[in-house]
Amino acid sequence: MRISCDWNCMLIHWFRRDLRLRDNTALMAAAHAAGGAVVPVFIFDDAILGGRFASPARTQFLLDCLAELDAELHTFGLHLVVRRGEPLSELITLLRETGATGVTWNRDYTPYAIRRDRAVKQALRAAGYSAQSYKDAVIFEMDEVVTAEGRPYTVYTPYAKRWRARLATEPVRVQGMPALAAIPLPPGIPLPQLTELLPDAPTELPRFPAGETAALAALDRFVRGPLTDYAQGRDRLAIAGTSRLSPYLRMGVLSPRQCIAAASNAPPGPGPESWIGELIWRDFYVQVLYHFPHALRGSFKPVYDRIAWPNDPTLFAAWQQGQTGYPIVDAAMRQLQREGWMHNRARMIVASFLTKDLLVDWRWGERHFMHLLIDGDPAANNGGWQWAAGTGTDAQPYFRIFNPVSQGQKFDPDGAYVRRYVPELARVPVRYIHEPHTMPPAEQIKAGVQIGRDYPAPIVDHATQRKRALELYRAVTHDNPSAERYA
């Protein structure tokens, strides 16, 4: 079906990881170029839906955000045109149906997205259509923050220093809402149900408030509250000291420019500066994966691919289920199951525990996180896991191993976080909350929990496993001393 239209120029905007109208670089460019005559399109790509990182909770959040985006478009007399299939084929069909002269989109930087977008751009231009992509998901792209020799950074601190220097001379500019015209649109499929996309998805999943309005409200709450004390509060597991904006950034419901602008406009102090540092980590991991795509499936430092991980499936299952006998680990893993989200400090603790205490390949944990996290992002998740495992760029050295008991005592000193997610320990006294297996039998009776029956004893001994982990790593680095040097 061909839509007749009086506009001389109509463009398709292909929504992907930019599910918002405000401060949307490519959408704004399309609206300006076409006088508001923009066809808003989203295409469900089965190559992503069925990929190795498929996630029911994240897909449900995607669907919820798309529903909110469609409702926002209704205020312009438009609707989101939804299709499912191979993106190039669907875009060609839509161009023919609408008479549009081209397509705009915001760039994505995973290896798959780069290959897909390059092929789409070449094919559309060869067919006589315009095809323009824009920087939107990051503050600075891959070639914008590099060393004096023009090479990509592989250590965060100098990267962040150069990043901040560039921001000082090129401050972000946040755009408003585009002026969209009420044009006739082709039909699309209704937004599918989750089970139409992922037939094996569970019926009950964690849900996260979706859409641009919810994202902007959450940003405002964070800036007015926790941001001031973020430098200290971000590591306290039991308090609402973090932004919890990562799902919105993951789906592009919020732009990184909006976040930087909000932090920059806040009263100066260590809180905003610390949070901007976390936003810099997002750009850093994106550029690492772009320049070193092998890291998506293996260690950034290939020598560590030779580690002979024992990979005990029973220990891995206990970690997944939050039944390790280490309360801080179990609380975090149960938070992940319940909420589809986990505190960042907790992510570091459980990642260190899986790799250094249970001696399980970090890729097992990376995949589990991607299946459950609503904010699961290939670059950030990969970077975080390799940091914890000591295998990546700017990694925590492998010989620095988190003690799960002392980590709990430091970042959840009164045990409130543990009690929230491990209710069988709710009555355990503070002195025992992070090592309940040391409670005398009489104390266990008072607390209403018998270790070994109601809550497991530690499934491994930390001191023993620490020695084993060091042996595993040293076995692959003994003939490669440079692997032990970390900037």
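### What about the overall build of the protein chain?
For step 1, the next point in the chain: When helices and strands are tallied, the protein chain shows 21 helices and 5 strands.
For step 2, the next point in the chain: Compactness check: the protein chain gives a C-alpha radius of gyration of 24 Å against a globular reference of 23 Å for 487 residues, within 12% of the reference.
For step 3, the next point in the chain: Along the first, second and third principal axes, the C-alpha atoms of the protein chain reach 80 × 50 × 45 Å.
For step 4, the next point in the chain: The burial tally for the protein chain puts 57% of its 487 residues in the buried class.
For step 5, the next point in the chain: Once local pairs closer than 6 in sequence are excluded, the contacts in the protein chain between residues at least 24 apart make up 78%.
For step 6, the next point in the chain: Of the roughly 20,500 Å² of accessible surface on the protein chain, 53% is carried by carbon and sulfur atoms.
For step 7, the next point in the chain: Considering the protein chain, the positive charge centre built from 55 side chains and the negative charge centre built from 50 side chains are found 4 Å apart.

### A look at the nonpolar core
For step 1, the next point in the chain: By size, the foremost hydrophobic cluster in this structure holds 155 residues, and its most contacted members are Leu-19, Trp-163, Trp-275 and Trp-319.
For step 2, the next point in the chain: The element that contributes the greatest number of residues to this core is helix H12 (residues 270-291), accounting for 10 residues.
For step 3, the next point in the chain: When near neighbours in sequence (up to four residues on either side) are disregarded, Trp-319 contacts Thr-324, Val-329, Met-333, Val-350, Phe-353, Leu-354, Leu-358, Gly-365, His-368, Phe-369 and Trp-385.

### Quick notes on the packing of helix H13 (residues 313-321) against helix H16 (residues 362-372)
For step 1, the next point in the chain: Two numbers describe how H13 lies on H16: the axes approach to 12 Å, and their chain directions differ by 35°. Like other packed secondary-structure pairs, H13 and H16 cross with a definite hand, here right-handed. On H16, the residues touching Phe-316, Trp-319 and Gln-320 of H13 are Trp-364, Gly-365, His-368 and Phe-369.
For step 2, the next point in the chain: When the residues that make up the contact of H13 with H16 are grouped by side-chain class, the tally is 4 nonpolar, 3 polar and no charged.

Calculation criteria
- Residues numbered from 1 in each chain as written.
- Predicted model: local features only at pLDDT ≥ 70, side-chain atom pairs only at ≥ 80, totals over all residues.
- Heavy atoms only, no water.
- Helix = DSSP H or I, 4+ residues; strand = E, 2+ residues; numbered from the N terminus.
- Rg over C-alpha atoms; globule rule 2.2 N^0.38 Å.
- Buried < 20%, exposed > 50% of the residue type's maximum accessible area, 1.4 Å probe, protein only.
- Contact = heavy atoms within 4.5 Å.
- Areas by Shrake-Rupley, 256 points an atom, 1.4 Å probe, with all protein chains shown as cover.
- Lys, Arg positive; Asp, Glu negative; His and termini not counted.
- Charge placed at Lys NZ, Arg CZ, Asp CG, Glu CD.
- Core = buried A, V, L, I, M, F, W, Y, C linked by side-chain atoms within 4.5 Å.
- Axes fitted to C-alpha atoms, helices over the stretch in contact; angles between N-to-C directions.
- Left-handed = near helix turned anticlockwise from the far one by under 90°.
- Nonpolar A, V, L, I, M, F, W, Y, C, P; charged D, E, K, R; others polar.

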